[in-house]
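# Commentary on secondary and tertiary structure
Residues per chain, in single letters:
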Amino acid sequence: MTTVGARERTPPLSLRRLRSRDARMVPVAASAWLTAVLLTLSPEVAGAAALVGWVAAVLLLGVAARVRQPTRTWCALGSVTLAVAAAVATHVALALPARDALARTEVDGGRVLTAQVRAVGKIEPSADGWRFDGVLDRLQRGNDREGAEEFGGVPVVVRLSARPDGLDLGAVVSVTGTAWVTDPGQRAVLVIDANGAVRVDAEAAGPLAAASALRRGLVAVSSGLPPPGAGLIAGLAVGDTSAVSPELDAAMKASSLSHLTAVSGANCALIVAGAFGFAALCRARRGVRVAAGLVALASFVVLVSPEPSVVRAAAMAAIAMLGILLGRPGGGLSLLATAVAVLLVSDPWLGLSLGFALSSAATGALLVGAGPLADGLARWMPRPLALGVSVPLAAQLACGPLIVLIAPQLSVYGVVANMLAAPAAPLGTVLGLAACLFAGIPLLGSGLAALAWLPATWISGIATTFADLPGSVIAWPEGVGGLVALSIVGGAVAALVLPTRSIRSPVRIGAAWTLAAAIGVGLALGPVTDVFDRTGLPHAWTIAACDVGQGDAVLVRSAGAVALIDTGPDPAPLARCLDRLGVGHLDLLVLTHFDLDHRGGVAAVQGRVDLVLHGPLTGPEDGRALGGLTSAGATTTQAARGMSGSLGDTHWRVLWPRPDTPGGNDASVVVEFRGGGVPASLFLGDLSAAGQQAMAADAALLSAYDVVKVAHHGSADQDPALYARLHPRVAFVTVGENTYGHPRAKTLDLLAGLGARILRTDQEGLLAAWADSDGLRVWSERAPGRVPPDG
């Protein structure tokens, strides 16, 4: 009996051989990925690495021709591995001259430039307004038209406060503004911040223009349906999240459903499967069926925008479908590894893309892990239910450690939420796509959109329900430590679920002890940490910078009165910070401007604010944010230079903007506090170098400040003369995980050169400052200390 059971659990010899053969491409993909990471970070050695790689590949291939099996096979595989790595290195080396020429261009320091850029990525809303990936055709510095340089398609990122008509994928635009050079490893060489209006030189044409019109049509026919489901229709169908409210977006993330609003391999697989199945029903030959699937996939990619992330998703979907069509057990792993290698050869900068890593990990988990997990779960539940649980569980185990790098938290109910949403997602995608295609036909388009609203509303209801449950999200250690810890916990879960010959195997016992230890530590440290957090805070703080991620939320306190300068991007971290500091009421709220990373957390303070000072409005959404505050009892006033008032025993005054300053970063409210026990402090919002110069031109600034909140999260766009004039003793840099390179090394060097002590919320967490009889004191979560008095 025991012998028969063991044989049933052991894969047949032919299957083991197939799996072994299928995994041979994994080293090739791993080598390509490692090479891409190392050489995009150090591109100056790419040429030498390519030469060495090609020579080694040829030599090893020659060895393979002279030896017998099985050595021949391994030498040939080694040769392929080296050749693919050499191809990655060659791409980096060939791209280096143009990228290096642009990187050496003098663009820092607030220099005004005009760039002609072709949009190659989706135009997406961001915390600063809008952004898109582009390629730079021409760059002109200042008014020197004759000195304009041609760059022939070097990648850049463009950020702008407003989206002009006609700006879409494929459009050519002229942008006037400032720029800064990114760090090595980033695909974009420059980030260009538009200071004014963006001129559309040529709109998108051909299939791209048609796809843009279809997407706009879908958003239009969905706009009249009840929220929040209406905003999800375009997200489920074509990945357009412009109509998704911030509240629903936060709920989708908390319930681990945000992947449904991004075009992924699941969307592409659904399209291919539908086209393939329809061709099969028509009794078409296998070649015709495959052609129908590929045409449908290509059309879908154009419709949703053929940006790099969508191309990756389409490739992964094609891999999964081909693995099924070929009928090879686990055959998708070989195809996945091959596709990863090909994609990295074509774009080595994908090696440091978290989106690419998530896409690869999710696809690999579904191809390799979902089946064994289902086998293990089937011991405790019906087989169909085990299959339903195994898919989101495999994805969570593979992607969770990567996600904590950008969001150090775990969705407790993510697997259950995904199981409940799974039946509605494909229905919403298909109906939404049909509504998109027929949006221009009266009644038909709106009728299909109304049908798509039903699954979209179901998904939004699941997201909000699970997000509102107690303990829906738990904090997790951030950074590499958090990745390693969650990988260990995930491995323990997999070890317990996967079928084994013995329930008392050492691996299972070790996994059980690991999970028990993790649960015990979590339960013990949760309440204990809260107690220590409160007891460790300095009770005398008068300035506190909350760690809210990539955004601003700074408190000033005097004689029991409290002011908050900006609310950060999200209500949850702000609410936690206010609770930790014991702040329940705000006498003053300053919204320096209306970018999401400065007003996104406003829901956390509604009903708790007396007076709101705000910058110039830039659109209807700004008015809605203020409307929520006024309806909860706050008084709102647009700030302007010359305004002043008291907060407890301290005095505040507004130094910027002027009443006629147009809205945006350079209209950020600049406010100063001094006296009443509060160290002299200045908060610079998101002013650029040009905005800083305009503000300082006729402002009555102090000769020195104890605390300065550095402008725009420490971006490179700073005015050194202003900081020399402010002479800050302490520089607060409010920053979190971001793709902008904040804070820039140039800015940190500037502050350090002025003798300022630099404190960063991303590295040191919550920051505090106050003054006592010994002078200025500062504290942070991870490095409490004191600033010595001058002299």
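Nothing here was measured: the structure is a model prediction, and the numbers come from that model. (Residues numbered from 1 in each chain as written. Predicted model: local features only at pLDDT ≥ 70, side-chain atom pairs only at ≥ 80, totals over all residues. Heavy atoms only, no water.)

Another point: the pattern of salt bridges. Counted by the stated rule, this structure contains 21 salt bridges. With a shortest N-O distance of 3.9 Å, D133 and R131 are connected by a salt bridge. Given a relative accessible area of 30%, D133 falls into the partly exposed group. Note on R131: relative accessible area 17%, which makes it buried. Between R674 and E672 there is a salt bridge whose closest N-O contact spans 3.3 Å. Look at E672 and you get buried, because its relative accessible area is 0%. Connected through shared salt-bridge partners, R163, D168, R215 and R216 make up one network. (Salt bridge = Lys/Arg side-chain N within 4 Å of Asp/Glu carboxyl O. Buried < 20%, exposed > 50% of the residue type's maximum accessible area, 1.4 Å probe, protein only.)

Residues L437, F438, I441 and L444 make up a contiguous nonpolar surface patch of roughly 350 Å² in combined accessible area. When you line up the elements, I441 lands in the loop between α16 (424–437) and α17 (444–468). Exposure remark for I441: the relative accessible area of 41% places this residue in the partly exposed category. (Patch = residues over 30% accessible without salt bridge, like charges linked within 9 Å, V, L, I, M, F, W, Y side chains within 5 Å. Areas by Shrake-Rupley, 256 points an atom, 1.4 Å probe, with all protein chains shown as cover. Helix = DSSP H or I, 4+ residues; strand = E, 2+ residues; numbered from the N terminus.)

For the rest of this paragraph, the subject is the pairing of strand β15 (residues 635–638). Each regular strand displays side chains that alternate between the two surfaces of the sheet. Pairing analysis gives four bridges linking strand β14 (residues 609–614) to β15, with the strands arranged parallel. Counterpart to H614 in the pairing with β15 is Q638. On the question of chirality, the crossover connecting β14 to the parallel β15 by way of helix α22 (residues 620–631) is right-handed. (Pairing = 2+ DSSP bridges. Right-handed = clockwise from strand over helix to strand, strands pointing away.)

Burial analysis of helix α7 (residues 229–238) places 10 of its 10 residues in the buried class, which makes it a mostly covered element. Along α7, the residues that are buried comprise G229, A230, G231, L232, I233, A234, G235, L236, A237 and V238. Just beyond α7, the residue with positive phi is G239, at close to 75 degrees.

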